Amino acid sequence: MDIFNKMIPIRMVNKSTTNQKVFSIVIAMITGIIMGLAAKLVDDPNINPIFDDIGGRLGIWVFAATILSVYSYSPKLAAVKVFAFFASMLTIYYVYTTFVLHFFPERAIIFWGICAVLSPICAYIMWYARGRGWFSNFISALPITILLSEGFKLRDAYLPIHHHYYLVPWLMGVYLILIVVLLLIIPKNKMQIWVILPTTIILSLIMLNFNILGRIFAGMNGVL
């Protein structure tokens with residue numbers, strides 16, 4: 001309990017009504033359903049492969065979860081919203097896979113199900129990114145680090161059809177846009193960017209050197 005009291009000065013909880021909380025959770029669920037269905041539908045050879053290459057990687061989901069987290073009324077609500085987002089996204093994605101495509105990827109379902117269960121913890125902590133102090137700066141750097149690390153590794157990306165390698169620069173451009181957006185919207189004080197950016201670079205070098213994303217998501221991520 002003492003640790004939670006120490007985190008109060010970092011960022012104050014915004015007052016909200018029950019209706020506002022319920023509405024924000026419903027929006028998170030709807031967003032998850034739309035993005036999950038879209039990610040499955042673009043997995044089609046007749047659709048420009050860049051959409052599947054984006055949806056099949058970690059970055060876009062980290063980006064969405066980060067926005068849902070930091071723009072919540074409280075850390076508890078952030079945790080509920082992000083879990084609702086991933087639960088609805090994974091449900092629609094794998095229901096479509098199982099009943100429409102008649103394919104049951106058991107290993108993937110279990111792995112991403114575990115990730116969904118753990119996501120509220122990450123969201124709770126991520127909520128403090130729009131606070132103040134070194135802790136907020138460090139937390140702000142984490143999702144950007146993942147985007148930067150995965151974006152850099154795109155140079156080694158496996159794209160199913162050989163001539164799709166021309167998409168790598170475009171994908172890197174998408175990741176750069178996502179990074180810039182997070183840098184602009186997460187910190188309340190724009191001067192924090194000058195602390196977040198070098199922290200991100202240092203953490204990214206560590207992740208790339210030890211291949212942390214590759215070890216965690218081996219075989220589960222399009223880029224790894």
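Residues numbered from 1 in each chain as written. Predicted model: local features only at pLDDT ≥ 70, side-chain atom pairs only at ≥ 80, totals over all residues. Heavy atoms only, no water.

Chemist: What exactly am I supposed to notice about the overall build of the protein chain here?
Modeler: For the protein chain, the count of helices and strands is 10 helices and 0 strands. Listing every helix and strand of the protein chain by position from the N terminus yields α-α-α-α-α-α-α-α-α-α. What you see for the protein chain is a C-alpha radius of gyration of 18 Å, in line with the 17 Å of a compact globule of 224 residues. In terms of overall dimensions, the protein chain has a C-alpha envelope of 50 × 40 × 25 Å along the principal axes. (Helix = DSSP H or I, 4+ residues; strand = E, 2+ residues; numbered from the N terminus. Rg over C-alpha atoms; globule rule 2.2 N^0.38 Å.)

Chemist: Even after reading the chapter, I still don't get the pattern of salt bridges, so can you show me in this structure?
Modeler: Oppositely charged side chains are able to pair whenever their charged atoms sit close together. Under the defined criterion, the tally for this structure stands at 1 salt bridge. Arginine 57 is the partner of aspartate 53 in a salt bridge, and the nearest nitrogen-oxygen pair spans 3.8 Å. The class for arginine 57 is buried, based on a relative accessible area of 4%. (Salt bridge = Lys/Arg side-chain N within 4 Å of Asp/Glu carboxyl O. Buried < 20%, exposed > 50% of the residue type's maximum accessible area, 1.4 Å probe, protein only.)

Chemist: Any chance you could explain the environment of alanine 87 here in plain terms?
Modeler: Assignment of secondary structure puts alanine 87 in helix α5 (residues 75-99). Along the chain, alanine 87 and glycine 36 lie 51 residues apart, while their C-alpha atoms are 9.8 Å from each other.

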